[in-house]
Amino acid sequence: MKRLHLASICLLTALGAAAQQRDIDSLQLIKDIRTLSDNRFEGRRTGTKGNRLAQFYILDRFKQAGLQAYHGTYEYPFYFMEGEKRVMGTNLYGYIPGKTADVIVITGHYDHLGIRSGSNQADSIYNGADDNASGAAALLSLIRYYKQHPPKHTLIFAALDGEEEGLQGAKAFLQQAPVPLERIKLNINMDMVSRNEKGELYVCGTHHYPALKQFISKVADSSALKVLMGHDKPEEGSNDWTNQSDHYEFHRKGIPFLYFGVEDHADYHRASDEFERIDPRFYYQAVQTVRTAIDVADGMSAGEQLRSKVIYKQ
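None of the values given here were measured: they were computed from a predicted structure.

Visitor: Before we go on, may I ask you to explain the packing of aromatic side chains in this structure?
Guide: What describes a pair of aromatic rings is the distance from one ring centre to the other and the angle between the planes of the rings. Counting across every chain of the model gives twelve aromatic pairs. Between phenylalanine 62 and tyrosine 74, the aromatic rings sit 5.2 Å apart at their centres with planes inclined by 75 degrees, giving edge-to-face as the arrangement. Residue phenylalanine 62 is found in helix H3 (residues 49-65), and its partner tyrosine 74 is found in the loop between H3 and strand E1 (75-82); the two are separated by twelve residues along the sequence. This pair shows no difference in class: phenylalanine 62 is buried, exactly as tyrosine 74 is. Here a set of aromatic residues connected by ring pairs shows up, and it is made of Tyr70, Tyr76, Tyr93, Tyr95, Phe173 and Phe250. We note arginine 86 situated over the ring of tyrosine 79; from NZ or CZ to the ring centre the distance is 4.0 Å. Above the face of the tyrosine 126 ring, arginine 116 is positioned so that its terminal group lies 4.9 Å from the ring centre.

Visitor: Just to check I follow, could you spell out the environment of phenylalanine 250 for this structure?
Guide: Inspection of the secondary structure puts phenylalanine 250 in helix H7 (residues 247-252). Taking the relative accessible area as the measure of exposure, phenylalanine 250 reaches 0% and is therefore buried. With sequence-adjacent residues up to four places away left out, phenylalanine 250 is seen in contact with Val105, Thr107, Phe173, Leu174, Asn187 and Ile255.

Visitor: Sorry if this is basic, but what is going on with H3 here?
Guide: One full turn of an α-helix is made of 3.6 residues, so residues set three or four places apart face in the same direction. If you check H3, its first and last C-alpha atoms are 25 Å apart, about what 17 residues at 1.5 Å a residue would give, namely 24 Å. Turning to H3, its buried residues are Gly50, Asn51, Ala54, Gln55, Tyr57, Ile58, Leu59, Arg61, Phe62 and Ala65. Elements in contact with the buried residues of H3: helix H2 (26-36), E1, strand E2 (85-96), helix H4 (129-148) and strand E6 (154-160). Trailing H3 by a residue or two, glycine 66 shows a phi angle of about 80 degrees, which is positive.

Visitor: Is there a simple way to think about the pairing of strand E9 (residues 226-229) in this case?
Guide: Looking along a regular strand, one sees side chains alternate from face to face of the sheet. Here four bridges tie strand E8 (residues 200-204) to E9, and the two strands are oriented parallel to one another. Within the sheet, the bridge partner assigned to glutamate 200 lies in E9 and is lysine 226. Handedness of the crossover is the feature at issue here: the chain leaves E8, passes through helix H6 (residues 213-222), returns alongside E9, and the resulting connection is right-handed.

Visitor: Before we go on, may I ask you to explain the sheet that holds strand E3 (residues 103-109) in this structure?
Guide: Two pairing modes exist for strands in a sheet, parallel and antiparallel, and in both the strands are linked by backbone hydrogen bonds. As summarised here, the arrangement of the eight strands in space is E1-E2-E6-E3-E7-E10-E8-E9, forming an open sheet in which the pairing is mixed. A single partner strand is all that each edge strand has here, and the edge strands are E1 and E9. Averaged over all pairs of adjacent strands, the angle between their axes in this sheet comes to 20 degrees, without regard to strand direction. Packing against the sheet, helix H5 (residues 168-175) makes contact with E1, E2, E3 and E6, and its axis sits at approximately 140 degrees to E6.

Visitor: In this structure, what is going on with the packing of H2 against H3? I would like to understand it.
Guide: Between H2 and H3, whose axes approach to 10 Å, the crossing angle comes to 160 degrees. Regarding the angle of H2 to H3, the classification is roughly antiparallel. Our pair here, H2 against H3, has a crossing hand that is right-handed. From H2, Gln28, Lys31, Asp32, Thr35 and Leu36 reach across to H3, where they touch Ala54, Tyr57, Ile58 and Arg61. Of the residues in the contact of H2 with H3, the class split is four nonpolar, two polar and three charged.

About the thresholds
Residues numbered from 1 in each chain as written. Predicted model: local features only at pLDDT ≥ 70, side-chain atom pairs only at ≥ 80, totals over all residues. Heavy atoms only, no water. Phe/Tyr/Trp six-rings, centres within 6.5 Å; stacked < 30°, edge-to-face > 60°. Helix = DSSP H or I, 4+ residues; strand = E, 2+ residues; numbered from the N terminus. Buried < 20%, exposed > 50% of the residue type's maximum accessible area, 1.4 Å probe, protein only. Lys NZ or Arg CZ within 6 Å of the ring centre and 35° of its normal. Contact = heavy atoms within 4.5 Å. Expected span 1.5 Å × (residues − 1). Pairing = 2+ DSSP bridges. Right-handed = clockwise from strand over helix to strand, strands pointing away. Axes fitted to C-alpha atoms, helices over the stretch in contact; angles between N-to-C directions. Parallel < 35°, antiparallel > 145°, perpendicular 65-115°, else oblique. Left-handed = near helix turned anticlockwise from the far one by under 90°. Nonpolar A, V, L, I, M, F, W, Y, C, P; charged D, E, K, R; others polar.

By themselves, these observations are geometric and do not establish any function.
Here is the structure:
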């Protein structure tokens, strides 16, 4: 394990030099995922102290990056029932203004499974490094990039809560969205993007929105990873990811989506989903790939409306 850390440090040093050119701060990216998957956050289960501590960390990073707030706050509480228990979740979001009022919403949930009582395992904290500290930390790195590279579309960055409880945060976001839904042209969602032994990163959504295939092909051509389209056809059964993360609630509203993620690994929803098991090189390249996708989508504005050009199936 110590050798792994040493190799990671050497790799991150090299990536840090690259980040100075590409503007994704790899060292901060790794610091954020390491922090959010630390034991002190107790698995970040919605409605718990650990989840609230994660909120504080994300809020500080929003402020440091200079993300703009709607209505003077980044915090948007919501409530849902868990059996007979009423639970409060909190979505965290803000925006970077563009040259147009049209919006791309970039999401990554920060909650996870918490601490499992009655477990016989020595480690009962489900830290969720890949699921989904990886998506939340990626969100933070992308905020910094787009503060330095102003977009054409307005970009909303939303760290959503309650994903593990049935996409509750995404439902709440869309029920009281900060902008009219017709102005939201695309959702880009990140959920589990920090490791894959085959170097594969999947993009789900192009089956429903075929017009997006053309620009995802451009993204794939420029990525260091194997960017594959799929996991979005009804006949795939449980391998159809359409309804398996927050992008689904956007889809239900007729908003096109692209979901970036990896196939399940041995540590999925297990206490072994720890920071030490992420692949720093893969993770950095995955975030770069998502950044390229946002750039390409944002470039589609150029006097046209992105959403009006996306032909989709319902």
